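# Architecture and fold: a report
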Amino acid sequence: MLDGSFRLIPMQEGDLDEVLALEQRSFNEPWSRKMFLGELHGNTFATNLVLRTGGAGFGEGVGAGALLGYIMFWVVFEELHLMNLAVLPEVRRRGLGTALVRHALMAAHGARMALLEVRASNTAALAMYRKLEFVQKSVRKGYYNHPREDAVIMMRELLEKGGHTMLSEDPAILDLVRKESPEFKALEESHQRLEHQLAELTQLHFLTPEEEQRKKRIQFDKLATKDKMAAIVRQFKQQRSLAAGPPS
Ligand SMILES: CC(C)(COP(=O)(O)OP(=O)(O)OC[C@H]1O[C@@H](n2cnc3c(N)ncnc32)[C@H](O)[C@@H]1OP(=O)(O)O)[C@@H](O)C(=O)NCCC(=O)NCCS
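Procedures and definitions
- Here the residue numbering is sequential within each chain, running from 1 through the sequence in written order.
- The model is predicted, so local features are restricted to residues of pLDDT at least 70 and side-chain atom pairs to those at 80 or more, both for listing and for counting; the totals for chains, interfaces and linings are taken over all residues.
- A helix here means a DSSP run of H or I that spans at least four residues, while a strand means a run of E at least two residues long, and both kinds are numbered starting from the N terminus.
- As a rule, residues whose C-beta atom has 12 or fewer other C-beta atoms within 10 Å are exposed, those with 20 or more are buried, and those in between are partly exposed; C-beta atoms are placed from the backbone.
- Note on contacts: residues are paired as contacts if their backbone-placed C-beta atoms lie within 7 Å.
- What makes a residue near a molecule or strand is its C-beta atom, placed from the backbone, lying within 6 Å of it.
- Only Asp, Glu, Lys and Arg are considered charged in this grouping, and only Ala, Val, Leu, Ile, Met, Phe, Trp, Tyr, Cys and Pro are considered nonpolar; every other residue, Gly among them, is considered polar.

## Concerning the overall build of the protein chain
Of the regular secondary structure elements, the protein chain holds 7 helices and 7 strands. Listed N to C, the secondary structure of the protein chain is β-α-α-β-β-β-α-β-α-β-β-α-α-α in terms of helices and strands. Based on the C-alpha atoms only, the size of the protein chain along its principal axes is roughly 75 × 40 × 35 Å. Taking all 248 residues of the protein chain together, 21% fall into the buried category. Of the contacts made within the protein chain by residues no fewer than 6 positions apart, 62% connect residues no fewer than 24 positions apart.

See the structure below:
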């Protein structure tokens, strides 16, 4: 779909005037410039892309090089989070939104699951995500403002189950690792702190967009911490099995 007549390229600060104009046409609670800048410069997990027409334009007054849309997503270990997506109103229902989401799904190498939040009244986006095989995971009551409205959390599995990335380990082994690895202990404490911070944020009924960003970061830090802990456990078990020698 996104062939040579399009350019899908990293979003730069220089794109922001156009991006903000489209953001304001697309959402009741548009992101601010500061929020876009936070994604562009302060977030190593983020991929931010703009879709522009190639040399031939798109027809219907959309000239060469014009902004057609953008997509912003985070990939952290097992999860792809769709953070922001918009298509120029003049060129909607031409498959561009679908192509942008498909691109993100393909770009998320190794991710196990894709997640997103959408206003309950956003029938266009809901229909598009359902076509893309997302399913409703839960509803957050009264989550959005202007107008107050529920958020539908949607998800799509990306990989077969059966990988071994989560920390579901024998408690006896975890005890041994704790004793032997101060790094593991420190990570575990930091994981608990993050969990605590997350619980505090989750108690707030309405999160501002900034709080929502902070919450996502904490979730990702938690995931990163958990991943490091799992790596230490794996290493510990490998060393143990090497030390034990091959079975006789
Ligand atoms: C949601 C959005 C990105 C969709 O982009 P798009 O390029 O129009 O989407 P597509 O052309 O790929 O549509 C794919 C399918 O989604 C469904 N769909 C899209 N727009 C729809 C609408 N207005 N009403 C009903 N279904 C719609 C249709 O099933 C469509 O397939 P079809 O055209 O063959 O019937 C676009 O409407 C948009 O920018 N909206 C404002 C911002 C927004 O809501 N972003 C998502 C936030 S979670």
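The structure having been displayed, the exposition proceeds.
## Description of the site of the ligand
Arg 92, Gly 97, Thr 98, Ala 124 and Met 128 are the nearest of the 20 residues found near the ligand. Every element with two or more residues in the shell around the ligand is listed here: β4 (79-87), α3 (96-107), β5 (113-119) and α4 (123-131). By residue number, the principal contributor to the shell around the ligand is α4, which donates 6 residues. Within the shell around the ligand, the residues separate by chemical class into 10 nonpolar, 6 polar and 4 charged.

## A few points about unusual backbone geometry
The linkage connecting His 146 with the following residue, Pro 147, adopts the cis geometry, with an omega of -5°. Along the chain, Pro 147 turns up in the loop between β6 (135-144) and β7 (149-157). With phi around 70°, Glu 133 is a residue other than glycine that occupies positive phi space. By secondary structure assignment, the location of Glu 133 is in the loop between α4 and β6. Accessibility expressed as a C-beta count within 10 Å gives 11 for Glu 133, which makes it exposed. Phi angles above zero are rare outside glycine, and His 146 is one such case at about 50°. For His 146, a count of 8 C-beta atoms within 10 Å corresponds to the exposed category.

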